[in-house]
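# Geometric and topological summary
Here are the chains, one letter per residue:
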Amino acid sequence: MYTEQHIAKTIATLHDLVHDPIKVLESHTNLSRTTIQRFLRRDPIKPANTAHLFEICLDVIEKHQQRQQQLTLKYKRIIQKD
């Protein structure tokens, strides 16, 4: 099970990686902007919404990391020709 510390670290990472996390989360959920803002501020929301937003945040972070790995490989293939 995830803890408040897991959520806080995930939110911090999301803020570091994404220019507008509210907009990104809105596009992946049917939740209101207010609920998403409360989650990002760590204000209380329904546990089901917390779990859903936490999962979506992890998905967004994972996709970003995969994209970074792809770009690194592409760079090595194109620029760092051995």
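Our structure is the block above this text.
To start, this report covers the structure provided alongside it. Not measured: the values here are computed from a predicted model.

Criteria and thresholds
Residues numbered from 1 in each chain as written. Predicted model: local features only at pLDDT ≥ 70, side-chain atom pairs only at ≥ 80, totals over all residues. Heavy atoms only, no water. Helix = DSSP H or I, 4+ residues; strand = E, 2+ residues; numbered from the N terminus. Rg over C-alpha atoms; globule rule 2.2 N^0.38 Å. Buried < 20%, exposed > 50% of the residue type's maximum accessible area, 1.4 Å probe, protein only. Contact = heavy atoms within 4.5 Å. Areas by Shrake-Rupley, 256 points an atom, 1.4 Å probe, with all protein chains shown as cover. Lys, Arg positive; Asp, Glu negative; His and termini not counted. Charge placed at Lys NZ, Arg CZ, Asp CG, Glu CD. Expected span 1.5 Å × (residues − 1). Arc of directions from axis to C-beta. Axes fitted to C-alpha atoms, helices over the stretch in contact; angles between N-to-C directions. Parallel < 35°, antiparallel > 145°, perpendicular 65-115°, else oblique. Left-handed = near helix turned anticlockwise from the far one by under 90°. Nonpolar A, V, L, I, M, F, W, Y, C, P; charged D, E, K, R; others polar.

Here the focus is the overall build of the protein. Looking only at helices and strands, the protein has four helices and zero strands in total. Seen in sequence order, the protein has helices and strands lined up from the N terminus as α-α-α-α. What you see for the protein is a C-alpha radius of gyration of 15 Å, clearly larger than the 12 Å of a compact globule of 82 residues, by over 25%. Once the C-alpha set of the protein is aligned to its principal axes, its extents read approximately 55 × 25 × 15 Å. Put simply, the protein has 82 residues, and 28% of those count as buried. Taking the contacts inside the protein whose residues are at least 6 apart along the sequence as the reference set, 55% of them involve residues at least 24 apart. In the structure as shown, the protein presents an accessible area of about 6,100 Å², 52% of it carried by carbon and sulfur atoms. Taking the 13 positively charged and 9 negatively charged side chains of the protein as two groups, their mean positions are separated by 5 Å.

It is worth spelling out helix 1 (residues 4–17) at this point. Across its 14 residues, helix 1 extends 20 Å between first and last C-alpha, which sits within 8% of the 20 Å expected from 1.5 Å per residue. Turning to helix 1, its buried residues number three or more, namely Ile-7, Thr-10, Ile-11 and Leu-14. Projection of helix 1 onto a plane perpendicular to its axis shows the buried side chains occupying an angular sector of 100°, all on one side. Along helix 1, the residues that are exposed and aim more than 90 degrees away from the buried face are Gln-5, Lys-9 and Asp-16. In this fold, the buried residues of helix 1 make contact with helix 2 (21–28), helix 3 (33–41) and helix 4 (47–78).

Now for unusual backbone geometry. One non-glycine residue with positive phi stands out, namely Arg-42, at about 70°. If you trace the backbone, Arg-42 turns up in the loop between helix 3 and helix 4.

Before going further, it helps to spend a moment on the packing of helix 2 against helix 3. Relative to each other, helix 2 and helix 3 sit at 125°, their axes nearing to 10 Å. Considering their axes alone, helix 2 and helix 3 lie oblique with respect to each other. Here helix 2 runs over helix 3; the crossing is right-handed. Contact residues: helix 2 offers Pro-21, Ile-22, Leu-25 and Glu-26, while helix 3 offers Arg-33, Ile-36, Gln-37 and Leu-40. Per-class residue counts for the contact of helix 2 with helix 3 are five nonpolar, one polar and two charged.

From the geometry alone we can't say anything about function, so treat these as descriptive.
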